Amino acid sequence: MTLDAKIPEGPLAEKWSKHKFNLKLVNPANKRKYTVIVVGTGLAGASAAASLAELGYNVKAFCFQDSPRRAHSIAAQGGINAAKNYQNDGDSIQRLFYDTIKGGDYRSREGNVYRLAEVSVDIIDQCVAQGVPFAREYGGLLDNRSFGGAQVSRTFYARGQTGQQLLLGAYSALNRQIHAGKVTMYNRHEMMDVVTIDGHAKGIVTRDLVTGKIESHAGHAVLLCTGGYGNVFYLSTNAMGCNVTAAWKAHKRGAYFANPCFTQIHPTCIPVTGDHQSKLTLMSESLRNDGRVWVPKTKELAAKLRKGEIKPASLKEEDRDYFLERKYPSFGNLVPRDVASRNAKEMVDEGRGVGGSGIAVFLDFADAIDRLGEDNVRAKYGNLFDMYQQITDEDPYKQPMRIYPAVHYTMGGLWVDYNLMTTVPGLYALGEANFSDHGANRLGASALMQGLADGYFVIPYTLGDYLATIGPKAVNTDHPAFAETEREVKDRLKQLLSLKGTKTVNEYHRELGLIMWEYCGMARNEEGLTKAKDLIRALRKDFWENAFVSGINEEFNQNLEKAGRVADFLELGELMVDDALNRKESCGGHLRLESQTEEGEAKRDDEKYSYVAAWEYKADNQPETLHKEKLVFENVKLSQRSYK
Amino acid sequence: MKLTLKVWRQKNAHTKGKFVTYPADHVSPDMSFLEMLDVVNEDLIRKGDEPIHFDHDCREGICGSCSLHINGRPHGPKHGTATCQLHMRSFKDGDNIVIEPWRALAFPVIKDLATDRSAFDRIQHAGGYVSINTGGVPDANDILIPKVIADEAFNSATCIGCGACVAACKNASAMLFVSAKVSQMALLPQGQPERYRRVQAMVEQMDKEGFGSCTNTGACEAECPKEISLSNIARMNRDYFTAKLIKEEVHH
């Protein structure tokens, strides 16, 4: 199968308008004859479900949480980008497009990214109209802040809780449609598989997490808005429940998985304290606006700091290395995330790390407090400072924060075309679950933008085209494909519950995470990746022999839920390693140690790797087939990314 | 640290529950409360016992999933934090810790410490929104909002919907939760067209769900992990009475 991204012809700025005009429409009276299934209720899912229901479609929405409002979009802190140019500082759609393409290290599609920048302005309007309380200036206008990878202030924010406020906005729109009877909401339901009939997605099979009941749901199209797979690393900033199961099942039903090795490691997280650690906490990137990142100039000083023989504040200016400001004078502390993370790792590897473990660098606000006053710093970052203090028991107003990179976001995901359709007709992927807009590295405050762009302003147009093509013929769960898929789901659950070995599911998850972090984390090479592949295979085999899963299916069973998710991560991990092995260049967050510039920056190989790697599943324990979608750049000149 | 836990175990909504005592050894002060429970659960699973079920997800105090009643207080002893942000350094070696689910008629137990809080969703369905569709809205800067009003609306909007206010209240009243949403919308210009209809619809649904009455004791505010202010309740009462006394015909 050749991959057709369906990028419209014509000048960049006209592609989306033209495309919208060319898409087929469903007449208003026919819309109510269609049912659309939406899995996941984060920013992408809630906004899509609400917008489609407003248009008149019947929507069935599913989430595994006890309420759609708890999807992990809620935890996004810093903000959402939009090319409003309210600050008169030279922003434009073109500039947001350019920053995003460059930030992604030229591994995303021009057409998609331009559209994202184009609709970004509508998102802010929409959210404000819903009553989202964005930060304001005294004159009553919206305030902006700046974020990594950009030299303009285009980030809209609601203190340190922007994701929460945007999700509550989308949730309110969803609630209105639930009240109107256009959305049927299924809380505490997990999607177990996609049902395909004649190659088209026609429904899903779910498990009611309270009763264990396996149910089929039919629809004319299925939208996966199920987020990313960062939890494959065990420790990440993702919520405990975040998982790849829905996307992975779709992959096994024919949806190609694109660029799985593109993972974002966020530079400003609170360092690990011990083996009991269950997740990592992110401190918003906005902190880098005023915080200065540094380590001691010498290993000796770092060792003294770690032992507590000297205090950070007692280190003289000339004994400190503000390494980001030193190496990247024009962007300083605001370099993109991949660059900031990699440099922090470098400092720690050199033995100049700080904190008890030595696996951390400082993020210092002393200068900002001198310049702005403690009250102003508190007003800007108060809740983040409080959170830091709660977790570490240290006062960041008095001593520098300790930070270290952590897995945060996955740029890879299900391959989709310009219409957000996967390689399975009728099956769509939105938000973090797809791969399309961030290339090899996502810029800060762009995840919220993409999730809402897909849900509010892209899918309402593109879905109609498919639905109009297939027609409003009624769908139901009578087709044998549903019974067959249900049987497979039940068999797998039975198989999991039959595991009565000696190791807990959590132990397997932690081991997998260590392998992924060590060999497929911030720096990768052929030798390590090859080793990781063997280790993952062995671990997966061991899981199906020696794991222990407790309880029964017909009850609320969190151990069984977790077992199913870990089993899927054990398969995904190997594909990530394959993808990282295949891509012998460095780009964005994917650093192949074999491919660096003389200054130690990621070195791309545009001649060989300017493509999207889309993987096709064949059969269990079989190598997947690689398909390449060539990336065509007509509007930007590819250059070695420089933030110096 | 070594601790003794007394945990509420209940198979499902239809079975009677009871307290079961578990030792928690090897507890580090750096662990979060939920990580301590993770460790206890790992031991239970290894012994072939059923792990303790509790709702949790983001573990950074924002999703509102976690919901434990710890030593008689929702989210435990620390002010202004959710259970997931509570660290074991808040306890002493040798402590006894009693862990219960939220206790409220409107939040039936699903299993162990997990309860059904869908009543909160249904209150939001009744009116917790501005009735606009996607698209066709004015430019964001066409709506001017004074900074103080935007900030106050934001303070109300930070509610995470965990239900601690209900669990803290002797009447299991949901007034703090409902009033936070009503206030956010009542403060903002976007919420004005439906202001009086909204407050009536949401209060009506709240009553239907079986939450108790408010007697202004303020326990909800004291225990709220996001420090939502009691003044939201005053604002909601004012709007509710206004709607009932003056505006009802106009807004019917």
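Every value quoted in this text rests on a predicted model; they were computed, and no experiment measured them. (Residues numbered from 1 in each chain as written. Chains lettered and ligands numbered in written order. Predicted model: local features only at pLDDT ≥ 70, side-chain atom pairs only at ≥ 80, totals over all residues. Heavy atoms only, no water.)

Peer 1: What is the right way to look at the overall build of chain A in this model?
Peer 2: Secondary structure summary: chain A contains 18 helices and 21 strands in total. Relative to the compact-globule value of 26 Å for 644 residues, chain A shows a C-alpha radius of gyration of 24 Å, a close match. With the C-alpha coordinates of chain A rotated into their principal frame, the extents come out at 75 × 60 × 50 Å. A total of 644 residues make up chain A; the buried ones form 68% of that total. On chain A, the mean spot of the 81 positive side-chain charges and the mean spot of the 82 negative ones are 2 Å from each other. (Helix = DSSP H or I, 4+ residues; strand = E, 2+ residues; numbered from the N terminus. Rg over C-alpha atoms; globule rule 2.2 N^0.38 Å. Buried < 20%, exposed > 50% of the residue type's maximum accessible area, 1.4 Å probe, protein only. Lys, Arg positive; Asp, Glu negative; His and termini not counted. Charge placed at Lys NZ, Arg CZ, Asp CG, Glu CD.)

Peer 1: What is the right way to look at a nonpolar patch on the surface in this model?
Peer 2: Side chains of B:F241, B:L245 and B:I246 sit close together on the surface and give an oily, nonpolar patch of about 360 Å² of accessible area. Topologically, B:I246 is positioned in helix α8 (residues 231-251). (Patch = residues over 30% accessible without salt bridge, like charges linked within 9 Å, V, L, I, M, F, W, Y side chains within 5 Å. Areas by Shrake-Rupley, 256 points an atom, 1.4 Å probe, with all protein chains shown as cover. Salt bridge = Lys/Arg side-chain N within 4 Å of Asp/Glu carboxyl O.)

Peer 1: Where do I start with the interface of chain B and chain A in this structure?
Peer 2: When the parts of a complex come together, some accessible area is lost, and that lost area is often used as the size of the interface. Listed as interface residues are 73 residues of chain B and, on the opposing side, 75 residues of chain A. Summed over both sides, the interface between chain B and chain A buries roughly 6,200 Å², with carbon and sulfur atoms accounting for 51% of that surface. Put simply, B:D55 and A:R188 hold a salt bridge, and the shortest N to O gap is 2.8 Å. The interface formed by chain B and chain A includes 48 residue pairs in polar contact (both at pLDDT 80 or more). Elements supplying a minimum of two residues to the side of chain B that touches chain A: α1 (33-46), β6 (109-111), β7 (114-115), α2 (118-127), α3 (147-157) and α5 (175-187) of chain B. The element best represented in the side of chain B that touches chain A is α3(B), accounting for 7 residues. Classifying every residue of the side of chain B that touches chain A by side-chain character gives 30 nonpolar, 24 polar and 19 charged. (Contact = heavy atoms within 4.5 Å. Buried area = accessible area lost by both parts, 1.4 Å probe. Polar contact = N/O pair within 3.5 Å; in protein donor to acceptor, adjacent residues only side chain to side chain. Nonpolar A, V, L, I, M, F, W, Y, C, P; charged D, E, K, R; others polar.)

Peer 1: What is the right way to look at the domain arrangement of chain A in this model?
Peer 2: Residues and elements named next belong to chain A. Domains assigned within chain A are domain 1 (266-408) and domain 2 (490-608). Each partner contributes to the interface: domain 1 provides 10 residues, whereas domain 2 provides 9 residues. Buried surface at the junction of domain 1 and domain 2, summed over both partners, amounts to about 790 Å²; 58% is from carbon and sulfur atoms. On the domain 1 side of the interface with domain 2, the three residues burying the most area are D338, R342 and K345, jointly 52% of the side's total. There are 0 salt bridges connecting domain 1 and domain 2. (Domains from an automatic or database assignment.)

Peer 1: Please explain helix α6 (residues 162-179) of chain A as it appears in this structure.
Peer 2: Because each turn of an α-helix spans 3.6 residues, side chains separated by three or four positions in sequence point in the same direction. Residue and element names in this part refer to chain A. With 18 residues, α6 extends 26 Å between its outermost C-alpha atoms, agreeing within 8% with the 26 Å of an ideal straight helix rising 1.5 Å per residue. Within α6, 17 of the 18 residues are buried, which leaves the element mostly enclosed by the surrounding structure. Looking one or two residues beyond α6, the residue adopting positive phi is G181, at roughly 85°. (Expected span 1.5 Å × (residues − 1).)

Peer 1: Sorry, what's going on with the sheet that holds strand β15 (residues 401-410) of chain A here?
Peer 2: Within a sheet, adjacent strands bond to each other through the backbone by hydrogen bonds, running parallel or antiparallel. Residues and elements named next belong to chain A. Judged by pairing direction, the sheet is antiparallel, and its 5 strands sit side by side in the order β11-β15-β14-β12-β13 without closing on themselves. Bordering the open sheet on either side are β11 (263-269) and β13 (320-321), each of which pairs with just one other strand. Here strand β12 (residues 292-296) runs beside β13; their pairing, made up of 2 bridges, is antiparallel. Bridge pairing in β13 places V295 opposite D321. (Pairing = 2+ DSSP bridges.)

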